[in-house]
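Structure at a glance
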Amino acid sequence: MAEEGDTAVVEEGRLGRSMPRHVAIIMDGNGRWAERRKLPRHFGHKAGVDAVRKVVSACGERGIEVLTLFAFSSENWRRPAKEVGLLMELFLTTLQKEIKRLHKNKVRIRLIGDLSAFPEKLQQRIAEAERVTADNDGLTLVIAANYGGRWDIAQAAARLAGQVKAGTLEPGQVDAERLAAELSLADLPEPDLFIRTGGEQRISNFLLWQLAYTELYFTDRFWPDFDAEALDEAIASFGSRQRRFGMTGHQVESLKGA
Ligand code: IPE
Ligand code: IPE
Ligand code: MG
């Protein structure tokens, strides 16, 4: 017999789905893709934008609700200044170029991360893109920029501390649910499927909290070579797995049948 609380994962639609609601991707391997072609790394980032375009429309066509893309980590500032500068430029021009088409396709854009570190002009363009697309009811496209999973948890903790200071929260009331409510993606379903391209099998400070029960998928393919077909391979892998959320396989089967 399944316990009563277990039905929560069913209600959230996290059991027995063959199509993920939320896909989160670490788009890795741009630099190596370029280096293999004896091109400067920046060409790989540019080619990566084409892959983003393909995957965004493929997700929309498949009825995926949320796509979160890791575009720039809080650790990527450690790269050579020139590469960082070119990446900032690429963000800016891409946002400018793509916004109309995304809006037309009913995509809702959201940025997560510490945006205060970005050039003023980029911050303005981000705010504008979010504002223009806010009421769209198609795919929610979340771009993680200057994002770090540790930063996310720390900023959530800081907000709770503020509530404690203001006297609206007791320290003893701080629990996982309250902390989760202050995280960047609190209003969206948690990722069902995580994809990392480029061959590395690590999280690199992406969504640390939110990935607790996400299915992980790694591929050697470099990000610029990722396309709708590659996405379907990842989705097929997702669909073949039994998610158990701590329960037994038998419990899961009986809950799915319920
Ligand atoms: C990912 O590709 C893009 C960003 C981090 C901005 P990389 O630039 O990390 O590519 P590799 O891993 O060096 O090949
Ligand atoms: C993770 O890739 C960040 C993004 C794809 C934006 P990295 O290339 O920065 O990760 P590490 O340094 O290899 O772990
Ligand atoms: Mg990399």
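Residues numbered from 1 in each chain as written. Chains lettered and ligands numbered in written order. Predicted model: local features only at pLDDT ≥ 70, side-chain atom pairs only at ≥ 80, totals over all residues. Heavy atoms only, no water.

1. As for the site of ligand 2
In plain terms, the rule: For each residue, the test is whether any non-hydrogen atom lies within 4 Å of the molecule or strand; if one does, the residue is near. Definition of a polar contact: a pair of N or O atoms within 3.5 Å, with one able to donate and the other able to accept a hydrogen when the atoms are protein atoms, and with sequence-neighbouring residues admitted only if both atoms are side-chain atoms. Secondary structure elements are taken from DSSP: a helix is a run of H or I of four residues or more, a strand is a run of E of two residues or more, and numbering for both begins at the N terminus. In this classification, Asp, Glu, Lys and Arg are treated as charged, Ala, Val, Leu, Ile, Met, Phe, Trp, Tyr, Cys and Pro as nonpolar, and every other residue, Gly included, as polar.
By nearness alone, every residue bordering ligand 2 is listed as Ile26, Met27, Asp28, Phe70, Ala71, Phe72, Ser73, Asn76, Arg79, Arg196, Arg202 and Ser204. At 3.2 Å from an oxygen atom of ligand 2 is found a side-chain nitrogen or oxygen belonging to Arg79. For ligand 2, an oxygen atom lies 3.2 Å from a polar atom in the side chain of Arg196. With four residues, strand β2 (residues 66-73) is the single largest residue contributor to the shell around ligand 2. Taken together, the residues of the shell around ligand 2 break down into five nonpolar, three polar and four charged.

2. Digging into the environment of Gly239
By the element assignment, Gly239 lies in helix α8 (residues 228-239). Taking C-alpha positions, Gly239 is 37 Å from Arg125, a pair spaced 114 residues apart along the chain.

3. Remarks on the side chain of Asp28
Stated formally: Burial classification: accessible surface area is computed with a 1.4 Å probe over protein chains only, and a residue below 20% of its type maximum counts as buried, one above 50% as exposed, and the rest as partly exposed. Only heavy atoms matter for contacts: two residues are in contact if any of them lie within 4.5 Å across the pair.
Relative to the elements of secondary structure, Asp28 occurs in the loop between β1 (22-26) and α2 (30-36). The buried category is assigned to Asp28, whose relative accessible area is 16%. Once residues within four sequence positions are removed from consideration, Asp28 is found in contact with Arg196, Thr197, Gly198, Glu200, Arg221, Phe222 and Trp223.

4. Concerning the nonpolar core
The criterion, for reference: Nonpolar cores were defined as sets of buried Ala, Val, Leu, Ile, Met, Phe, Trp, Tyr and Cys residues, with membership established by side-chain atoms within 4.5 Å.
Core analysis: the largest hydrophobic core is formed by 42 residues, its most contacted members being Ile25, Leu67, Leu122, Leu193 and Ile195. At eight residues, the largest contribution of residues to this core is made by helix α4 (residues 81-104). Ranked by size, the runner-up nonpolar core spans 14 residues in total, among them Ala24, Val66, Ala144 and Leu211.

5. Details of the site of ligand 1
Convention followed: Note on areas: Shrake-Rupley with a 1.4 Å probe; residue coverage comes only from the protein chains shown.
Close contacts around ligand 1 come from Met27, Asp28, Gly29, Asn30, Gly31, Arg32, Arg41, His45, Ala71, Asn76, Arg79 and Leu87, and that covers them all. One of the side-chain N or O atoms of Arg32 is found 2.7 Å from an oxygen atom in ligand 1. The fraction of the free accessible surface of ligand 1 (380 Å²) that becomes covered by protein chains is 87%. Within the residue set of the shell around ligand 1, elements represented by two or more residues are α2 and α3 (41-61). No other element matches the three residues that α2 contributes to the shell around ligand 1. Among the residues forming the shell around ligand 1, the class breakdown is three nonpolar, five polar and four charged.

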